[in-house]
Structure formats: C-alpha cells, structure tokens
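Fold and contact review
The primary structure of each chain is shown beneath.
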Amino acid sequence: ADDAFADYIKNKGDWIFKVRATSNHATESETVRPTTIGGEFQVDHEFGTDMSLTYFLEDRLAIEFSAGYTENEIKMTETTLGNIALGEYTTVPIMAFLQYHFDPILEINMNPYVGAGYGYWFFFDANDGAGVNFLDLDSTYAFGAEVGADIPITDRWAINVNARKYWVDTEVITSGPASNSDFNVDPWVIGIGFDYKFRQKTFDDYHPDR
C-alpha cells in the first residue's frame, strides 16, 4: 500500500467529515385510496447532495450523522386522464447510522464499511404542478442500510463511495385530481465525494506516560 493509505488509519476518537454528490433512485409503491382516475405515482430520479459527521466510538465501530437535500418531481401515470405532473417537493433526510468498519483491503487501497440507521425525512416546499390544485407529502420516520468505502488520498483526505437503501412510508395528498395515498418511496441513494479526517485529542495524548 502507498504511504497515504498506510497513514489513513481510523481509530477510536477520530472524527470524519464527509460531503457527497448523490444520485437518488426511487422504487415507488403505493396504496391508492379512493380516486376516480386510477393510476400510479412516479418519482423522477434526481441528483442531490449530502454531508455527514462520523465519530469513532471504537477502532471499528462508529456513529455517523448525515443530512441530505434533493428536489424531486412527482407525477401520476396510467390514469384515465393520462400522465399528470403533480408538482415538485424537496426532501431533507436527517439520519443517524451505526457503522462497522472492516480491516483495510491493502491490495486495492480501500477501507470498507457497512451500517444501519434510523432518522426523520422532511418533505416540504411542495409546488403544485399544472395538473393539480394542491400537493402535500407528510414528513415521516425512516430506516436505512448502507455499504461504503473510503479510498485514501493523503493521511487526512479520502474519496468516499456510498450506497444507501431507505424505507420511507409517507402519505401523498392531492386535489384536482383528488387522491389520498400511502406512498412508499424506498429510494436507493448512491453517493461519491470526499472525506476529511481529524482527531479529537484526549487526555492520554497530552500525557502518554500515564
């Protein structure tokens, strides 16, 4: 392994700040309550951003707090009126992930990890489309799972790649056409970005002989 990889070691007490560009792929399903036009919801795949702060509780165990931002377009397809653009809304997920970081894979200079999390998804700034009079999505709690890896550049900087699966059950309310539906967005969010690793010094750092 090169010097940067050998020096990019994650230890108890380390902090890592991450910023990523994301690609969001919804896997929609819904239970449509009474509506006269039928059809299904569809959310367009969108690009977004997220940032996070990770703290290592132990050498391999960490907790990560993350916040994302995505603007989404939602429509109804295969209705008796054809495809209807319902409008746009903004998604801001606030999540906490418990992560396990594996031993580095020296042959490919990579630090892999897995995690599971829970948090709250905010849906707001719903802008009505031309085909509706009103659009609203309820904010809700959600679960998530992730797999990722850090690829060191220096002893402090690394490239981060990350894939997360979320299970998000919200409610969509529209009028003109009228629909009140349980809506599972359940997106895959694929991210790539940069890490910066720094360490919170402890008493033992200043007094190594104690």
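These lines cover the structure that appears in this document, whether it is placed above or below. (Residues numbered from 1 in each chain as written. Predicted model: local features only at pLDDT ≥ 70, side-chain atom pairs only at ≥ 80, totals over all residues. Heavy atoms only, no water.)

**Topic: the overall build of the chain**
Helix and strand counts for the chain stand at two helices and 12 strands. Walking the chain from its N terminus toward its C terminus, one meets helices and strands in the order α-β-β-β-β-β-β-β-β-β-β-β-β-α. Per-residue burial for the chain yields a buried fraction of 43% across its 210 residues. Contacts spanning at least 24 positions in sequence make up 69% of the contacts within the chain whose residues lie at least 6 apart. For the chain, the exposed surface amounts to about 10900 Å²; the carbon and sulfur share of it is 59%. (Helix = DSSP H or I, 4+ residues; strand = E, 2+ residues; numbered from the N terminus. Buried < 20%, exposed > 50% of the residue type's maximum accessible area, 1.4 Å probe, protein only. Contact = heavy atoms within 4.5 Å. Areas by Shrake-Rupley, 256 points an atom, 1.4 Å probe, with all protein chains shown as cover.)

**Here's the deal with the pairing of strand E1 (residues 14-25)**
In the sheet, E1 pairs with strand E12 (residues 188-199) via 12 bridges, with the strands oriented antiparallel. Bridge pairing links Thr22 to Gly191 in E12. Bridging between E1 and strand E4 (residues 46-56) involves 10 bridges; their strand directions are antiparallel. Looking across to E4, one finds that Val19 is bridged to Met51. (Pairing = 2+ DSSP bridges.)

**Some thoughts on the packing of aromatic side chains**
A full pass over the atoms with the stated rule returns 12 aromatic pairs. A ring pair is formed by Phe97 and Tyr166, whose centres lie 6.4 Å apart and whose planes are at 65°; its orientation type is edge-to-face. Here Phe97, found in strand E6 (residues 82-101), pairs with Tyr166, found in strand E10 (residues 157-175); they are 69 residues apart in sequence, far enough to count as distant. Overall, Tyr166 belongs to the buried group, its relative accessible area being 4%. The interplanar angle of 5° and the centroid separation of 5.8 Å between the aromatic rings of Tyr118 and Tyr141 together place this pair among those described as stacked. Taken as a pair, Tyr118 in strand E7 (residues 111-128) and Tyr141 in strand E9 (residues 140-152) lie far apart in primary sequence, 23 residues in all. Under the relative-accessibility criterion, Tyr141 is labelled exposed at 54%. (Phe/Tyr/Trp six-rings, centres within 6.5 Å; stacked < 30°, edge-to-face > 60°.)

**Notes on the environment of Ser175**
Relative to the helices and strands, Ser175 resides in strand E10. Sequence separation between Ser175 and Leu86 is 89 residues; the distance between their C-alpha atoms is 9.5 Å.

**A look at the pairing of E4**
Of the two faces of E4, only the one carrying Glu46, Gly48, Asp50, Ser52, Thr54 and Phe56 is buried; Phe47, Thr49, Met51, Leu53 and Tyr55 on the other face are not. Here E4 runs beside strand E5 (residues 61-79); their pairing, made up of nine bridges, is antiparallel. The residue bridging Met51 from the neighbouring strand is Ala67, located in E5. Between E4 and E5, which follow one another and run antiparallel, lie four residues.

**Let's talk about empty space enclosed by the protein**
All chains considered together, the criterion is met by one cavity of 30 Å³ or more. Empty space within the largest cavity amounts to approximately 230 Å³. Lining the largest cavity are 25 residues, with Asn24, Thr70, Thr91, Trp121 and Val189 sitting closest to its centre. Of all the secondary-structure elements, those providing two or more residues to the lining of the largest cavity are E1, E4, E5, E6, E7 and E10. In terms of residue count, E5 provides more of the lining of the largest cavity than any other element does, six residues in total. Grouping the constituent residues of the lining of the largest cavity by class yields 13 nonpolar, nine polar and three charged. (1 Å grid on protein atoms, 1.4 Å probe; cavity = no way out; pocket = protein on both sides within 12 Å on 5 of 7 lines; lining within 4 Å. Points joined across faces, edges and corners; volume = space filled by probe spheres on them. Nonpolar A, V, L, I, M, F, W, Y, C, P; charged D, E, K, R; others polar.)

**As for unusual backbone geometry**
A positive phi angle, near 45°, is found at Asp186, a position not held by glycine. Following the sequence through the fold, Asp186 ends up in the loop between strand E11 (179-184) and E12.

**Regarding a nonpolar patch on the surface**
On the surface, a cluster of nonpolar side chains totalling about 780 Å² of accessible area is made up of Phe17, Val19, Met51, Leu53, Ile153, Trp157, Phe194, Tyr196 and Phe198. Those elements that place two or more of their residues in the nonpolar patch are E1, E4 and E12. Take the nonpolar patch: its biggest share by element is three residues, from E12. Relative to the elements of secondary structure, Phe198 occurs in strand E12. In this structure Phe198 comes out as partly exposed when scored by relative accessible area, which is 31%. (Patch = residues over 30% accessible without salt bridge, like charges linked within 9 Å, V, L, I, M, F, W, Y side chains within 5 Å. Salt bridge = Lys/Arg side-chain N within 4 Å of Asp/Glu carboxyl O.)

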